[in-house]
There are 2 protein chains.
Amino acid sequence: MFPRQIQNFIDIFSKLPSIGPRMATRLAFYLAELDKNTLNKFISALSGIIDLGVCTHCFGITESKKTLCEICESKTRDKKTIAIVEKQTDVFTIEKAGGYNGIYLILGELKHDGTLEPEQRKKLELLKKRIEVEQNGYVTEIIIALGPNTFSDFVASVIKQAFKGMAERITRIGRGIPTGGQIEFADEETLRSSFERRS
Amino acid sequence: MFPRQIQNFIDIFSKLPSIGPRMATRLAFYLAELDKNTLNKFISALSGIIDLGVCTHCFGITESKKTLCEICESKTRDKKTIAIVEKQTDVFTIEKAGGYNGIYLILGELKHDGTLEPEQRKKLELLKKRIEVEQNGYVTEIIIALGPNTFSDFVASVIKQAFKGMAERITRIGRGIPTGGQIEFADEETLRSSFERRS
């Protein structure tokens, strides 16, 4: 019914989170009416995403196929302080809040039953190995920066167990963040104080 | 703060209707985590849109730079019955409902003060010229298929005036569609009956 290109756009883009078939249809017709120049900007913005890579240390996003992200690469960041977070956006929110100079491990979104995916276990294993090789098996602090809720409580205890004896302190960020709340939606003040009052 | 490509994506895509900066950010990170193959499908679906053209008769979308759309090009459609609609999506909804075999003029979204944009006036002028040249200045019916509301009432009277003496009948679709309702959200039954009961 729709022109082939429109239908194809709808089929593909309606798979994106929060974009259903109706919204994809709207977008398709909106885009179809743009001049070629503007449309090319959309195409090149989307194409730019393909050049991004994954940091081999923190599993964050890296620019233009570098092996390490800016933070892991930086000589001024404290490699002996590691914050374990769920998502890439958590890193950006914490960086924007300021006050933290350590590095990160992005674990990926937690399952709601508190168990870790094989890939998440592997990430923790790789971090352990890196601490052994690069930091003589001992760091200053591992901060479990997971939004406080029941399933992250369980994951936190797994992490504490796994890194036992490998860090001077293993802490969780302070409960300044409301229970059930997500880190990326926290205001900067709450986030900073939850870092300060970590225990 | 964000990698350059991510920021660029957010800047561009947050301009789309219903996509604000927060949703664009979510999309960017979602896309960044897809494998290259899947991402390429998104890129090519978006690039496909650029090949679409505009029909020089009805101002609808045409595939691959043709001058006429499928409907205007078709030999089986009744060129002496013309439905004037607001949007491309209206055409698709009417076609999907079935029962209409005429052609269309897509006027573009109406301003809420009932006045016509210069481009909309030009479209009506071109239709008049086409009726004069191709149909000897007289067609069977012009159906004003605009969603019933106060500003379209005014536009309808302008259209009736403009095409006076050029059609056997100038009708408006039946008020089966609730006042204030939009054509593209109408169910097929209501839409068909509003075509049948046109007056």
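For the structure itself, look to the data block above.
Structural notes, computed from the coordinates.

Reading the values: the criteria
- Residues numbered from 1 in each chain as written.
- Chains lettered and ligands numbered in written order.
- Predicted model: local features only at pLDDT ≥ 70, side-chain atom pairs only at ≥ 80, totals over all residues.
- Heavy atoms only, no water.
- Helix = DSSP H or I, 4+ residues; strand = E, 2+ residues; numbered from the N terminus.
- Expected span 1.5 Å × (residues − 1).
- Contact = heavy atoms within 4.5 Å.
- Axes fitted to C-alpha atoms, helices over the stretch in contact; angles between N-to-C directions.
- Parallel < 35°, antiparallel > 145°, perpendicular 65-115°, else oblique.
- Left-handed = near helix turned anticlockwise from the far one by under 90°.
- Nonpolar A, V, L, I, M, F, W, Y, C, P; charged D, E, K, R; others polar.
- Salt bridge = Lys/Arg side-chain N within 4 Å of Asp/Glu carboxyl O.
- Buried < 20%, exposed > 50% of the residue type's maximum accessible area, 1.4 Å probe, protein only.
- Core = buried A, V, L, I, M, F, W, Y, C linked by side-chain atoms within 4.5 Å.
- Least-squares fit on C-alpha atoms with pLDDT ≥ 70 in both.
- Buried area = accessible area lost by both parts, 1.4 Å probe.

1. So, helix H6 (residues 118-134) of chain B
Residues and elements named next belong to chain B.
Line of reasoning, step 1. For H6, which comprises 17 residues, the first-to-last C-alpha distance of 24 Å matches the rise-based estimate of 24 Å (1.5 Å per residue) to within 8%.
Line of reasoning, step 2. Against strand S3 (78-85), strand S4 (102-106), strand S5 (139-144) and helix H7 (150-162) lie the buried residues of H6.
Line of reasoning, step 3. Taken from the residues just after H6, Asn136 is the one with a positive phi, measuring 55°.

2. Observations concerning the packing of helix H1 (residues 4-13) of chain B against helix H2 (residues 21-32) of chain B
All names here are of chain B.
Line of reasoning, step 1. Where H1 contacts H2, the axes come no closer than 9 Å and their chain directions differ by 135°. Comparing the axis directions of H1 and H2 gives the class oblique. Relative to H2, H1 is oriented so that their crossing is right-handed. Here Ile6, Phe9, Ile10 and Phe13 of H1 come into contact with H2, specifically with Pro21, Ala24, Thr25, Leu27, Ala28, Phe29, Leu31 and Ala32.
Line of reasoning, step 2. Of the residues in the contact of H1 with H2, the class split is 11 nonpolar, one polar and no charged.

3. Concerning the pattern of salt bridges
Residue and element names in this part refer to chain A.
Line of reasoning, step 1. If you walk through the whole model with that rule in mind, you get 10 salt bridges over all chains.
Line of reasoning, step 2. Residue Arg130 pairs with Glu134 through a salt bridge whose shortest N-O separation is 3.9 Å. Taken as a pair, Arg130 and Glu134 lie in helix H6 (residues 118-134) at a separation of four residues, close to a single helical turn.
Line of reasoning, step 3. In this structure Glu134 comes out as partly exposed when scored by relative accessible area, which is 44%.
Line of reasoning, step 4. Glu168 serves as the salt-bridge partner of Arg169, at 4.0 Å between the closest nitrogen and oxygen.

4. Some thoughts on the nonpolar core
Line of reasoning, step 1. By size, the foremost hydrophobic cluster in this structure holds 50 residues, and its most contacted members are Phe13 and Leu46 of chain A together with Phe13 and Leu46 of chain B.
Line of reasoning, step 2. The set of elements that each furnish at least two residues to this core consists of helix H1 (4-13), helix H2 (21-32) and helix H3 (36-48) of chain A together with H1, H2 and helix H3 (36-49) of chain B.
Line of reasoning, step 3. Not counting residues up to four positions away in its chain, the partners in contact with Phe13 of chain B are Phe42, Ala45 and Leu46 of chain A together with Ile19, Ala24 and Leu46 of chain B.

5. Concerning the environment of Ile43 of chain B
Line of reasoning, step 1. For Ile43 of chain B, the location among the structural elements is in helix H3.
Line of reasoning, step 2. Sequence separation between Ile43 of chain B and Ile61 of chain B is 18 residues; the distance between their C-alpha atoms is 20 Å.
Line of reasoning, step 3. With residues up to four places along the chain from it excluded, the contact list for Ile43 of chain B reads Leu46, Ser47 and Ile50 of chain A.

6. Points about the relation of the copies chain A and chain B
Line of reasoning, step 1. For these two chains of identical sequence, chain A goes onto chain B by a turn of 180° and a shift of 0.0 Å along the axis, with RMSD 0.0 Å. In symmetry terms, the pair is related by a two-fold rotation axis. For chain A, the residue whose C-alpha comes nearest the rotation axis is Ile43 of chain A, separated from it by 3.3 Å.
Line of reasoning, step 2. A symmetric contact is evident, with 100% of the interface residues of chain A recurring at the interface of chain B.

7. Some thoughts on the interface of chain A and chain B
Line of reasoning, step 1. Contact with chain A, which involves 47 residues of that partner, is made by 48 residues of chain B.
Line of reasoning, step 2. Interface of chain A and chain B: buried area, both sides summed, is about 4800 Å²; carbon and sulfur atoms make up 77% of it.
Line of reasoning, step 3. Between the two partners, chain A and chain B, sit zero salt bridges.
Line of reasoning, step 4. Elements represented by at least two residues in the side of chain A that touches chain B include exactly H1, H2, H3 and helix H5 (88-97) of chain A.
Line of reasoning, step 5. Ranked by the residues each element gives to the side of chain A that touches chain B, the list is headed by H3 of chain A, at 10 residues.

The values reported here are purely geometric and, on their own, carry no functional implication.
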